[in-house]
Each structure stands twice: as C-alpha cells, then as structure tokens.
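Spelled out, the chains give:
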Amino acid sequence: MAARGAEAEAEALFEAHTAAELRAVERRLRAGIEQKREELRQMVGERYRDLIEAADTIAEMRLSSERLLGAVRGLQRGGAARPGPAAPVRPPVQESFYRAAAQLKLLLEVPEKVWGAVEGGRYLPAARLHLLGGHLRRQLQLEAPRARSSPVLARFPILLRQVAAASHLRSTILQESKSLLKSQTVSDQAVAEALCAIMLLEDSSPRQALADFLLARKLAIQQLLNQPHHGAGIKAQVCSLMELLTTTLYQAHALFYTMPEGMPPDPALPCGLLFSTLESTTGQHPAGRGGVLEEEVKLSSWFRYLPESVVEFRPALRTLAHPISQDYLRDTLQKWIAMCSDDIRAGVSNLLVYVKSMKGLAGIRDAVWELLSSESISQNWEAVCRRLLDKPASFWEDLLQQLFLDRLEALTREGFDSISGSSKQLLTLALQELEVKPSTSALSKHTQFEHNVALFLWSESSSDLPSDAAWVSVANRSQFAKSGLSMKAQALTPCVQSFCSALDSKLKARLDDLLSYLPTDSSAAKEAAPTVQPRSAFDRYADAGTVEGLLRDHCIACIHHILGCVREELQSAQNLLGGQADAPSDARLNAVLFMARLCQSLTELCPHLKQCILGQSGSTETALKETRSTKKLGKGKAQGVTPMQAKWQGVKAELLQQSLFAYQIWSSAVTKGLVQCFTRKLLLDTAGSVLATATNWDEIEIQEETESGNSVTSKIRLPVQPSWYVQCLLFSLCQEVNRVGGHTLPKVTLQELLRTCMAEVLAAYEKLVEEKQEKKAGTFPMTQNRALQLLYDLRYLSIILTAKSEEGKTSRIKHDSGVEKVTDFLEGHIDPFDLDVFTPHLNSNLNRLVQRTSVLFGLLTGTENQYTSRSSALSSQELHNILPLASSQIRFGLLPLSMSSSRKSKSATRSTERVQCDADL
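Residues numbered from 1 in each chain as written. Predicted model: local features only at pLDDT ≥ 70, side-chain atom pairs only at ≥ 80, totals over all residues. Heavy atoms only, no water.

**Describing the overall build of the protein**
The cut-off we apply is this: Labels follow the DSSP assignment, with helices taken as runs of H or I lasting at least four residues and strands as runs of E lasting at least two, numbered in each case from the N terminus. The classification of residues rests on relative accessible area computed with a 1.4 Å probe and restricted to protein chains. Under 20% of the type maximum is buried, over 50% is exposed, and intermediate values are partly exposed. For every accessible area listed, the method is Shrake-Rupley and the probe measures 1.4 Å; residues are considered covered only by the protein chains on display.
Within the protein, the regular secondary structure consists of 34 helices and 2 strands. The 921 residues of the protein split such that 42% are buried. Carbon and sulfur atoms provide 55% of the accessible area of the protein, an area that totals close to 50,800 Å².

What follows is the structure in structure tokens.
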C-alpha cells in the first residue's frame with residue numbers, strides 16, 4: 001500500500017509541476033535526506049561516547065575495588081602479626097569448646113570451597129578438601145554409628161545436611177575428573193591432578209589409574225567418531241582422532257613411565273608426573289606449610305583454635321603407589337591400541353563414505369600428514385614409542401592407509417561404472433540415429449556425414465584450421481588440439497569425434513581427480529629435499545603405484561565393457577546381415593562402420609585414456625621411447641616393454657581387433673551385394689544380354705608370313721575394354737570404398753575385401769563353366785568372341801583384385817588354380833592357332849587397360865599395382881613407364897591416355913547398348 005501511495009504521489013507531482021519545479025522538489029528532497037543522515041550520525045556518535053564513558057567508569061570502579069581489597073588484606077596481615085597483649089589463660093573446657101567450634105566452622109565452609117574448586121577445574125584441591133571434611137567429621141564423631149545421638153548434632157542440626165551432601169560431593173568430583181580425562185587439550189599436569197584426585201577418592205592404585213585413563217580416552221575416541229559429520233568436518237574429525245591418539249601416548253609416557261634405575265632423566269621428555277604429584281600431595285614433608293587449607297582460611301581469627309591434626313592434614317593412600325613396570329605398561333598400551341583400532345577402522349570407514357572425491361581424500365591425508373609431521377608431535381615421537389611400545393608406531397600406515405585405499409577404489413569403481421554406463425547410452429543413441437533410413441525422416445548433418453564420409457571429407461567448416469595456425473607451429477601445438485583437417489584426413493566423422501570427446505572429458509575428470517592424490521614433481525622434490533622438510537611422519541605417496549594400478553585396472557575394465565557392448569552390436573549386425581538373401585541395408589552398415597571407426601580412433605581421440613593406463617611416469621617414458629624408436633628405426637634390438645606398456649598395447653590390440661571385425665562385416669556385406677549383381681549379369685545367357693554387356697573391340701593389322709615366304713597383312717579384332725558388368729562391379733566397389741573413407745581403411749581390410757571379392761567372382765565364373773559344361777538345350781552357345789571377352793574380363797579382374805603384397809599365400813594359390821581352371825575352359829573354345837596369334841596382343845591390351853584404369857580404380861589397386869607388367873610375354877619396349885605412349889610431351893605425365901596415336905580404332909560406339917547396360921545395373 002505504501003509503495004502504491006508513493007507511486008501515485010509521484011505521478012501527481014509530474015502532472016501538476018513543470019520540469020523546473022520538479023528539479024526544485026528533487027533538490028529539496030535531497031537536502032532533507034542529507035540533513036537526516038547528518039542527524040543520525042550525530043546521534044550514533046553521542047551514544048557511542050556515552051558507551052565508552054560507561055566502560056571507562058566500570059574499569060575505574062574495578063581498579064578501585066581491587067585496591068580497597070588489597071588494603072584490607074594488608075590490615076588483616078598487619079593486625080595478625082602485631083604482638084598484642086598476652087591472651088588470658090582459658091580453662092581447658094573453654095579451650096575444647098573453641099576447638100570444636102573452629103572445626104565446625106571449617107566443616108561448614110568445606111562444601112563451598114569444594115564447589116568453588118570444582119567449578120574452577122581444580123579437582124585435586126577439591127578432593128583434598130573433601131577428604132579434609134571427612135577427617136573433620138571423624139574428629140567430631142559425626143560419621144559414627146551413634147552419630148545421631150551426638151550432642152553436636154543436637155545443637156547444630158544443619159550438620160545433618162553436610163553429612164548427607166558429602167557423598168554427592170565425592171561423586172561430582174569423580175565425575176568431573178573422569179570427564180577431564182577425555183579431553184585432549186588439557187595439560188599433562190591437569191591430567192595428573194585429575195588422576196590423583198580419583199586415586200585419593202577411590203583409594204586406587206596407579207595401575208587402576210592407567211586403566212581409568214585409557215578407558216576415558218577410548219570413550220573419547222568413540223564420542224569423536226559418533227559426532228555428526230558434515231562434509232568438510234570429516235577432515236577435522238580424522239585429524240582430531242589422530243591428535244587424540246598421539247596425545248594419549250605422549251601423556252601416558254609423561255604420567256606413568258618411570259626411568260629405569262641408573263638412567264639419568266631426560267629434560268626434553270619428562271616422565272613420572274603422576275607419582276611426583278602423588279608424592280607432593282600425600283608426602284609427610286610437603287613444600288609449603290598447611291597443605292590442604294588455603295591462605296584465606298589461615299588468616300581467619302578462629303584458625304588458631306584448629307587442632308594440629310586438622311592443620312597438618314594430608315590425604316593418604318591405603319597402599320603404597322608403586323611405579324608401573326615397563327612390561328605391564330607396554331602390554332596394556334598395546335592391548336588398548338588393538339582394542340581401539342577396530343573402533344577407529346569402523347568409524348573412519350563410515351566417515352569416508354561421505355567423501356565423494358579423491359581430492360577430498362587427498363586433503364584429509366595431507367592434513368593428517370601435516371599434523372603428524374608438526375614439530376610438537378614428531379619431535380620426540382620415536383623416543384616415546386620406543387620407551388612405551390619397544391617399536392615404532394605409525395597410525396597412518398596401521399590404521400588409515402588401507403581405509404583410504406579402499407575408499408579410493410570404491411570411488412574409482414563408481415566413477416568408471418558411471419563412465420561405462422554413459423558410454424553405453426551414447427553408443428546406443430548414436431546407433432539408433434544412424435540406423436534411421438534416409439527416406440523416413442530428415443537426417444541431421446552429422447548423420448549424413450556418417451552415411452557418406454566423402455561428403456564430410458570435401459565439406460568446409462570454420463574448424464578446419466585452428467585459430468592460432470598462423471603463428472603457432474605444429475611442433476609447439478598441444479597434443480590435445482586437433483584441427484578439422486586432421487580429422488578429415490583420418491576420416492574421423494563428427495559422430496565419432498563427439499563420442500570420443502565425451503569419453504575423454506569423463507576420463508580427464510577422473511584422471512584430474514586422481515592426480516590430486518598422487519605426487520607432483522614439485523611435491524616429490526620438496527619431500528625429497530632434507531633442507532625443506534627435516535622429518536616426515538610417513539610417506540604419503542608410498543601407495544602411488546597401487547593407486548595408479550587401481551586407475552589402470554578400472555580403466556581397462558571400462559574399455560572392456562565398451563568393447564563388450566560394441567561386440568554385441570557387431571554380432572547382432574553380423575547375424576542380421578548374414579541372414580539377408582538380397583543386398584544388405586545401408587542403415588545397418590552405417591552403424592557397423594561407425595563402430596569400426598570408433599574402435600579405430602579411440603586411442604587417438606582419447607589421449608587421457610593412454611594417461612589413465614600408463615600413468616604419469618609411464619606416459620612420459622613411452623613418449624621418449626617412441627621418439628627414440630622413430631629415430632633409431634631398425635637399429636639394434638627392441639627395448640624391453642614394461643607391464644604398463646604391455647597393457648596399453650593389449651588395449652590397442654583389442655580395439656584394433658574389434659575395428660577389423662567391424663570392417664570385415666562391412667566388406668563381406670558389400671562384396672555380397674555387388675557380386676550378386678555381377679553374377680546375375682554374368683549368367684544371363686541370351687543374345688540380347690550378351691550384346692548389352694559387350695564393349696568396344698579394337699582392330700589390329702598384323703603381318704604374317706606364308707609358306708612361300710611372302711608377307712601377308714591381315715586384320716584381327718580383340719577386346720580392349722572389359723564388359724560393362726565388370727566395369728560396374730569395380731567402379732561400384734571403388735564407390736563403396738570411397739564412401740567410407742578408403743584412404744583410412746586398414747590395409748588388412750582392403751586386402752580381405754579384394755580377396756573375398758575375387759573369390760566370389762571366381763565362384764561366379766566357375767558356375768558359368770558348370771552351366772556351359774552341362775550343355776542344356778536352348779542355351780546360348782559359347783562362341784570364340786564371347787570366350788575371348790570372358791577371358792579378357794577374368795584376367796583383368798584377376799589383376800585388379802589380387803594384391804601384390806598379399807600375405808595369404810595359400811589363398812592366392814587357390815585363386816590362381818581356380819583362374820587357370822576357368823582360363824583353360826575358355827581357351828578351349830578358342831582356335832589354338834588364333835589363340836597363339838591373339839595372346840601377345842591381348843596381353844598388350846590388358847597391360848594398357850590396367851595402366852589406364854590405375855587411377856580410376858586406385859583405391860583398389862594401390863600404389864604397388866600402378867605401371868607394372870602382369871605378363872612375361874610383353875616385349876621389352878613396353879616395360880617402361882606410360883610417358884612414351886603419349887604423342888607429345890605434356891605437363892601431366894602421369895595421366896594415362898585413352899588411345900595411342902599409333903593405333904587405329906573405330907569411331908562408332910555402342911551408346912545404345914551402354915545406356916541399356918546402365919539401366920540394367
């Protein structure tokens with residue numbers, strides 16, 4: 001409502017006044033605001049001055065009262081010391097009356113003084129006063145069985161309450177003293193006094209005091225572990241626990257350990273404080289006079305009437321406080337540590353559950369290390385452990401290290417399980433997107449790139465070159481920086497990059513988190529330098545190898561899980577594609593190719609995967625070895641491989657194996673689909689189909705010598721091009737290889753593709769041979785011209801589809817034998833005389849055809865098949881390069897020409913037949 005009223009008032013001002021009037025109103029308002037602000041400053045300043053004056057007055061009053069009290073005490077001391085007139089001699093009855101009255105007075109004041117000492121934390125004086133009260137009650141016969149009939153109680157009934165409250169005072173002093181034993185911040189002297197108070201009140205021995213002390217510390221440990229924990233408070237709890245354990249041993253040494261006879265005391269390590277405190281409390285010749293009673297009581301006027309037994313009262317133990325033997329002390333402490341260890345392990349394990357990162361674990365470990373390595377704890381720690389336990393003690397190694405390793409393993413396992421699950425989801429989503437048919441819905445740009453890698457290779461984007469390519473050289477560029485051109489050169493599509501980037505970012509997060517637990521170069525050097533760190537409580541990086549091993553094992557298990565998912569998908573795709581009778585679907589093959597590229601590029605695009613497996617030292621050593629091995633290639637023997645490198649090589653081998661398996665599925669499916677079409681065209685046995693697939697033949701003039709010795713010129717016609725279905729098969733095969741990024745296909749995959757394709761083609765020719773050998777009625781006869789064309793096609797396919805560097809000798813021999821079998825059958829349909837005449841020219845045509853098509857089918861033939869002779873029958877003039885075939889010396893010498901100038905060819909072409917063949921294909 002107030003805001004609405006202010007808005008309405010402001011609107012009214014704007015409606016009723018001009019701009020100049022509004023500025024004047026604004027100036028008045030600002031002046032009023034400044035005036036009110038100044039008044040507020042003055043008011044606050046005046047109040048502050050009043051507060052300071054009141055504080056000064058209080059301080060002066062305190063000083064005046066202290067001076068007044070001091071003057072009064074001085075008067076009392078002077079009056080007591082001033083010699084007065086001789087006291088009149090009192091009769092014995094009056095003297096005993098005064099003695100009893102003084103004791104009653106003291107007895108009535110004892111409870112108040114006990115409570116004051118308890119509230120002040122002075123439990124030994126409280127215990128001594130309580131024992132003094134008991135002595136007074138015995139002196140006045142107030143604790144006897146017939147105490148109720150005592151004339152003192154009859155005259156002073158208030159003493160009944162004093163007697164009843166004595167037991168309550170005792171329990172309070174005991175409770176507070178045992179509560180003090182649980183604190184780790186109190187001094188050794190305070191603990192010794194509390195134990196002495198307990199021993200005096202319970203009349204116990206030093207061994208019982210040791211048991212009470214250790215029990216109190218065990219309860220303190222349990223209480224500390226059961227505190228509510230909130231994230232960052234866990235570090236404080238663990239540090240407090242370690243401080244409590246170390247303080248307990250230090251105080252056990254200071255209180256209960258006694259030096260052996262003949263050994264001089266060590267000023268740096270005092271001991272036997274409990275026994276010296278007991279001696280000063282119960283000894284017969286204490287330092288000072290008046291033991292239990294305080295100075296204020298001694299200044300009272302009735303103090304001189306107290307009997308000697310009250311004035312010189314000293315509490316005593318029923319049995320002598322013998323020092324504890326070293327063997328008993330050692331056994332007791334070892335049992336106590338073993339008993340507390342179970343509680344500590346269980347409690348700290350429950351606490352570490354709430355630590356969700358390895359950085360948090362490292363912070364707790366470093367805080368414990370700093371605490372135990374501090375000068376106050378580590379200075380005499382070895383000497384104390386040697387005296388008390390006869391052996392060194394390390395609470396980190398004995399209690400905490402394995403707990404931290406267990407929690408670290410759990411965090412690592414949870415992290416990589418999460419990575420495995422998310423990677424499986426990413427893989428499933430990517431495969432679902434790739435298996436969508438192009439006709440059903442509009443595909444995204446990245447999916448189109450997966451369907452056709454060539455489209456991705458020849459597309460331009462802003463990320464092709466890095467932004468700093470102009471001024472940063474490749475050698476100085478980070479290994480994690482990948483340009484778009486390098487990705488295209490390796491045919492790594494955006495989908496593969498996206499998957500690997502997501503996986504690598506998760507691995508980097510895991511690795512960065514774990515690196516906080518491992519030593520850095522600076523920290524390792526710092527701890528190794530004795531001048532910087534004189535003493536370390538424990539080696540906090542001693543388990544670095546174990547931690548890296550955990551990371552390596554879980555990372556490898558994660559990769560195996562991803563590979564298992566890929567293997568299942570590939571097996572499913574293989575079963576599905578193998579069961580199809582017709583050509584396989586591109587959608588399923590796209591998914592298979594995606595998994596092949598993914599497994600092939602995972603080690604390249606996920607650099608943190610290598611770091612996770614090799615570790616910090618392994619990755620640098622491997623980089624150095626790889627650099628040296630490239631420089632010394634082929635020189636000397638191979639260097640030894642470390643276990644870490646062996647595991648990394650194993651992971652790479654498994655990824656490569658899965659990639660090759662996926663490519664094998666693709667090559668089998670592609671070969672199956674293309675060769676089916678080829679076989680169908682080959683086995684068409686009609687005149688029209690033969691004419692439709694026929695190509696151009698060349699007419700060659702040859703010189704023959706007759707029987708009479710004369711030279712006769714004749715013309716022969718031979719094929720110079722393979723059949724259309726052969727060309728379509730090879731061109732389609734090249735298209736498929738180019739569509740998937742043929743320049744990045746593994747050599748093994750390409751060889752397997754050619755080998756499988758050749759085997760299928762040979763099977764088709766063998767089937768043709770079988771059909772012709774059956775000689776069914778109505779079939780088209782095998783003429784000499786068709787046999788020549790089929791022979792030319794078969795030899796051309798054998799040259800193109802047979803890799804020169806093929807390793808599988810047995811399969812090549814099998815192919816050669818099959819080719820020879822079909823060749824023999826085809827040559828059987830050619831006149832032997834004509835065959836002898838045709839063979840050299842046929843070989844020459846075949847060699848020229850291979851040279852001309854070496855660029856067109858370069859993805860299949862490779863560099864080793866270009867410009868090489870396949871036949872030994874060729875003349876030496878045709879073994880040179882292709883340059884002499886050109887009529888003129890042109891710039892592009894490696895480009896093959898379509899025809900030679902020295903040869904004649906027919907100008908007429910069968911365009912109609914070619915169009916028909918293309919339509920059939």
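Read on, since the account is not over.
**Notes on a negative patch on the surface**
For the record, the criterion: Residues enter patches when their relative accessible area tops 30% and they take part in no salt bridge; the joining distance is 9 Å for like charges and 5 Å for the nonpolar side chains Val, Leu, Ile, Met, Phe, Trp and Tyr. Put simply, a salt bridge is a Lys or Arg side-chain nitrogen that is within 4 Å of an Asp or Glu carboxyl oxygen. This count recognises Lys and Arg as positive and Asp and Glu as negative, with His and chain-terminal groups excluded. Lysine's charge is taken at NZ, arginine's at CZ, aspartate's at CG and glutamate's at CD.
The grouping of Glu46, Asp50, Glu53, Asp56 and Glu60 at the surface amounts to a negative patch. Topologically, glutamate 46 is positioned in helix H2 (residues 19-81). Under the relative-accessibility criterion, glutamate 46 is labelled partly exposed at 43%.

**Some details on helix H13 (residues 326-352)**
For clarity, the cut-off: In this analysis, the expected span of each helix is defined as 1.5 Å times one less than the number of residues it contains. Axes are fitted to the seven residues ending at a residue and to the seven starting at it; the angle between these axes is taken as the bend at that residue.
Helix length check: H13, at 27 residues, gives a terminal C-alpha distance of 37 Å against a target of 39 Å (1.5 Å per residue), a fit within 8%. Approximately 25 degrees is the largest bend angle found in H13, and it occurs at serine 341.

**Side note on the confidence of the model for the protein**
Do not read the predicted coordinates in detail wherever pLDDT is low. Put simply, the rule reads: Residue-level confidence of the predictor, termed pLDDT, takes values from 0 up to 100. The contact criterion used is simple: two residues touch if any of their non-hydrogen atoms lie within 4.5 Å.
Looking at the protein as a whole, the pLDDT averages 76, with 74% of positions reaching at least 70. Across residues 285-290, where pLDDT falls below 50, the model places 7 contacts with residues more than four positions away in sequence or in other chains. Between residues 621-638, whose pLDDT stays under 50, and residues either more than four places distant or in other chains, the model counts 8 contacts.

**Observations regarding the environment of phenylalanine 857**
Position of phenylalanine 857 relative to the elements: it lies in the loop between helix H32 (832-852) and helix H33 (858-861). Overall, phenylalanine 857 belongs to the buried group, its relative accessible area being 4%. For the pair phenylalanine 857 and glutamine 727, spaced 130 residues apart in sequence, the C-alpha to C-alpha distance is 9.9 Å. With residues up to four places along the chain from it excluded, the contact list for phenylalanine 857 reads Gln727, Leu730, Phe731, Cys734 and Tyr796.

**Details of the packing of helix H30 (residues 784-800) against H32**
We count it as follows: Whenever a helix is involved, its axis is fitted only over the stretch in contact; in every case the axis is a line through C-alpha atoms, and angles between N-to-C directions fall within 0 to 180 degrees. We call two directions roughly parallel when the angle between them is under 35 degrees, roughly antiparallel when it is over 145, roughly perpendicular when it lies between 65 and 115, and oblique otherwise. Here is the rule for handedness: rotate from the far helix to the near one, and if that takes an anticlockwise turn smaller than a right angle the crossing is left-handed, while a clockwise turn gives right-handed.
Between H30 and H32, whose axes approach to 11 Å, the crossing angle comes to 40 degrees. With respect to each other, H30 and H32 are oriented oblique. Of the two possible hands of crossing, H30 and H32 adopt the one that is right-handed. Contact residues: Gln784, Leu788, Leu791, Tyr792, Arg795, Tyr796 and Ile799 in H30; Asp834, Phe838, Leu842, Asn843, Asn845, Leu846, Leu849 and Val850 in H32.

**A closer look at a nonpolar patch on the surface**
Taken together, the side chains of Leu40, Met43 and Val44 make up a nonpolar region of the molecular surface, amounting to roughly 280 Å² of accessible area. Checked against the element boundaries, valine 44 lands in helix H2.

**Examining the pairing of strand S1 (residues 697-705)**
Applicable threshold: Whether two strands pair depends on DSSP finding at least two bridges between them.
Note: S1 against strand S2 (residues 711-719), 9 bridges, orientation antiparallel. Paired with glutamate 701 across the strands is lysine 715, a residue of S2. Taking the residues that link successive antiparallel strands as the turn, the S1-S2 hairpin has 5 residues, and the phi of glycine 709 there is positive, at about 95 degrees.

**Some details on the pattern of salt bridges**
Counting across every chain of the model gives 17 salt bridges. Put simply, glutamate 736 and arginine 739 hold a salt bridge, and the shortest N to O gap is 3.3 Å. Residue glutamate 736 and its partner arginine 739 are located together in helix H28 (residues 724-739), separated by 3 residues, close to a single helical turn. Taken together, the shared-partner salt bridges connect Asp327, Arg330, Asp331 and Asp390 into one network.

**What about the environment of valine 191?**
Tracing the backbone shows valine 191 in helix H7 (residues 188-202). Sequence separation between valine 191 and leucine 180 is 11 residues, and the spatial gap between their C-alpha atoms is 7.2 Å. Valine 191 has contacts with Leu180, Leu181, Val186, Phe213, Arg217, Gln251 and Leu255, leaving out every residue within four places of it along the chain.

**Some points on the packing of aromatic side chains**
Defined as follows: Stacked, tilted and edge-to-face are the three classes applied to pairs of Phe, Tyr and Trp rings, where Trp contributes its six-membered ring and a pair requires centres within 6.5 Å; stacked means planes under 30 degrees apart, edge-to-face means over 60, and tilted covers the rest.
For the structure on display, the rule yields 7 aromatic pairs. Geometrically, the ring pair formed by tryptophan 396 and phenylalanine 538 is stacked, given 4.9 Å between the ring centres and 15 degrees between the ring planes. One end of the pair, tryptophan 396, is in helix H17 (residues 395-434); the other, phenylalanine 538, is in the loop between helix H22 (521-528) and helix H23 (544-578), and 142 residues separate them in sequence. Of the residues examined, phenylalanine 538 reaches a relative accessible area of 3% and is grouped as buried.

**With respect to the side chain of threonine 671**
On the secondary structure map, threonine 671 appears in helix H26 (residues 643-682). If near-sequence neighbours (up to four positions away) are discounted, threonine 671 is found in contact with Leu753, Thr756, Cys757 and Glu760.

**Observations regarding helix H14 (residues 358-373)**
If you check H14, its first and last C-alpha atoms are 22 Å apart, about what 16 residues at 1.5 Å a residue would give, namely 22 Å. For H14, the buried fraction is high: 12 of the 16 residues fall into the buried class. Within H14, burial applies to Met358, Leu361, Ala362, Ile364, Arg365, Asp366, Ala367, Val368, Trp369, Leu371, Leu372 and Ser373.

**Here's the deal with the packing of H28 against H30**
Selection rule: Gly falls in the polar group here, along with every residue not listed as nonpolar (Ala, Val, Leu, Ile, Met, Phe, Trp, Tyr, Cys, Pro) or charged (Asp, Glu, Lys, Arg).
Look at H28 against H30: their axes get within 10 Å of each other, and the N-to-C directions meet at 15 degrees. Relative to H30, the element H28 is oriented roughly parallel. Crossing geometry of H28 relative to H30 is assigned as right-handed. Along its contact with H28, which presents Tyr725, Val726, Leu729 and Leu730, the element H30 presents Leu790, Asp793, Tyr796, Leu797 and Ile800. Split into classes, the residues belonging to the contact of H28 with H30 amount to 8 nonpolar, no polar and 1 charged.

**Quick look at unusual backbone geometry**
Even without a glycine there, the phi angle at aspartate 203 is positive, about 55 degrees. Note on placement: aspartate 203 falls in the loop between H7 and helix H8 (206-225). The backbone of aspartate 390 sits at a positive phi, close to 60 degrees, despite the residue not being glycine.

**Comments concerning the state of the cysteines**
Selection criterion: Counting rule for disulfides: a pair of cysteine sulfur atoms within 2.5 Å.
If you walk through the whole model with that rule in mind, you get 0 disulfides. No disulfide involves cysteine 500; its sulfur sits 4.4 Å from the nearest other cysteine sulfur, which is in cysteine 606. Take cysteine 555: it sits in no disulfide, and the sulfur closest to it among the cysteines is that of cysteine 612, at 4.5 Å.

**Some words on the side chain of serine 423**
With respect to the element layout, serine 423 can be found in helix H17. Residues within four places of serine 423 in sequence aside, it is in contact with Phe499, Leu503 and Ile562.

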